[in-house]
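Observations on chain architecture
Below, each chain spelled out in residue letters.
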Amino acid sequence: SSGINAEFAMVRKNQAKALDSMQAALETEAKGKAEALRMKKKLEADAADLGLALEHAIAGNAETQNTIKKYQLQVRDAQAKVDEESAAKSAAADAKVTADRKAAAMQNALEEGRALLETADRQRRSLEQELADTNETLADLGNVNQSIAAAKRKLESEFNQLGGDLDEMTNEAGLSEDKAARAMVDAARLADELRCEQDVAMGLEKDKKLLEAQCKDAAARADEAEVSRRRQGTQGI
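Since we're looking at a predicted model, the values are computed, not measured.

Glancing now at the environment of Ala187. As for its position among the elements, Ala187 is in helix H2 (residues 177-236). Sequence separation of Ala187 and Asn160 is 27 residues, and the distance between their C-alpha atoms is 9.6 Å.

Leu131, Leu138, Leu141, Ile148, Ala201, Leu204, Leu211, Cys215 and Ala218 together form the largest nonpolar core, which totals nine residues. Here this core takes five residues from H2, the largest share from any one element. Sequence-distant contacts of Ile148, that is, excluding residues within four places in its chain, are made with Glu197, Val200, Ala201 and Leu204.

Turning next to the pattern of salt bridges. Scanning the entire structure with this criterion turns up nine salt bridges. Note that Glu29 is salt-bridged to Lys33, the shortest N-O span being 3.8 Å. Linking Glu29 with Lys33, this pair stays in helix H1 (residues 2-171), spanning four residues, or about one helical turn. The exposure class assigned to Glu29 is partly exposed, which follows from its relative accessible area of 41%. A residue is classified by how much of its surface remains accessible, and Lys33, at 52% relative accessible area, is exposed. The salt bridge partner of Arg124 is Asp121, with a shortest N-O separation of 2.7 Å. Residue Arg124 and its partner Asp121 are both found in helix H1; the two are separated by three residues, about one turn of the helix. An identical accessibility class is assigned to Arg124 and Asp121; each is buried. Members of the salt-bridge network, linked through shared partners, are Asp121, Arg124, Arg125 and Glu128.

Basis of the calculations
Within any chain, residue numbers begin from 1 and follow the written order of that chain's sequence. Per-residue local features are limited, in this predicted model, to residues with pLDDT of at least 70; the limit for side-chain atom pairs, both in listing and counting, is 80 or more; totals at the level of whole chains, interfaces and linings are taken over all residues. Excluding hydrogens and water, the side-chain values take into account all heavy atoms of the structure. Only runs of H or I of at least four residues qualify as helices and only runs of E of at least two qualify as strands under DSSP, and these elements are numbered from the N terminus. In this text, buried Ala, Val, Leu, Ile, Met, Phe, Trp, Tyr and Cys residues form a nonpolar core when linked through side-chain atoms within 4.5 Å. Summary of the burial criterion: residues with accessible area below 20% of their type's maximum are buried, those above 50% are exposed, and those between are partly exposed, where the area comes from a 1.4 Å probe applied to protein chains only. Note on definitions: a residue-residue contact is assigned when non-hydrogen atoms from the two residues lie within 4.5 Å. For this analysis, a salt bridge means a side-chain nitrogen from Lys or Arg found within 4 Å of a carboxyl oxygen belonging to Asp or Glu.

Next up, the structure:
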């Protein structure tokens, strides 16, 4: 009987432990369900927050994409402008090189024109001096020619006078042969002098014509040099 009671007490003790264990399990399960519900609500709230954040992120992403596209367009436009400015800069550099070459060529042409102009001016001054000298020589020859012409007229007058005297002496019967011979000798001498003066006068006339031709030629060359100098001065400018 004591053995049965001990066994029964043992069973009751085990049942009590099982009940306690079950109660603890039920309490633990209840706490787990409550915690699960709390976690579910928290997760649902977090999911809602994440959904809202996702919507904001999507909207922000779209705006960011638009901003990125806008920046890309701006970068493309800026690159195009940079390329245009680079091309314009390169073209300007080429144009500057070409302009420098043209300026150098024009400077060389200007220097050559100045040199030619100075040469033409020196030639013009030389021709003007030559023309002045020739005109002075021509004037001197003109004076000499006038003197010779005056001497020629004087000799002709004297020759005519001597001829008249010779005729008068020939007509006079009382004149001696010696006087007549001397008169004839004088007349012949004067005739020779007259021929010599005429020859000199003809030579001077030829020289005068030659100098006049030289003067005309020198004047023509001076005019040509002046025209050339003006043309070269115009080309140099």
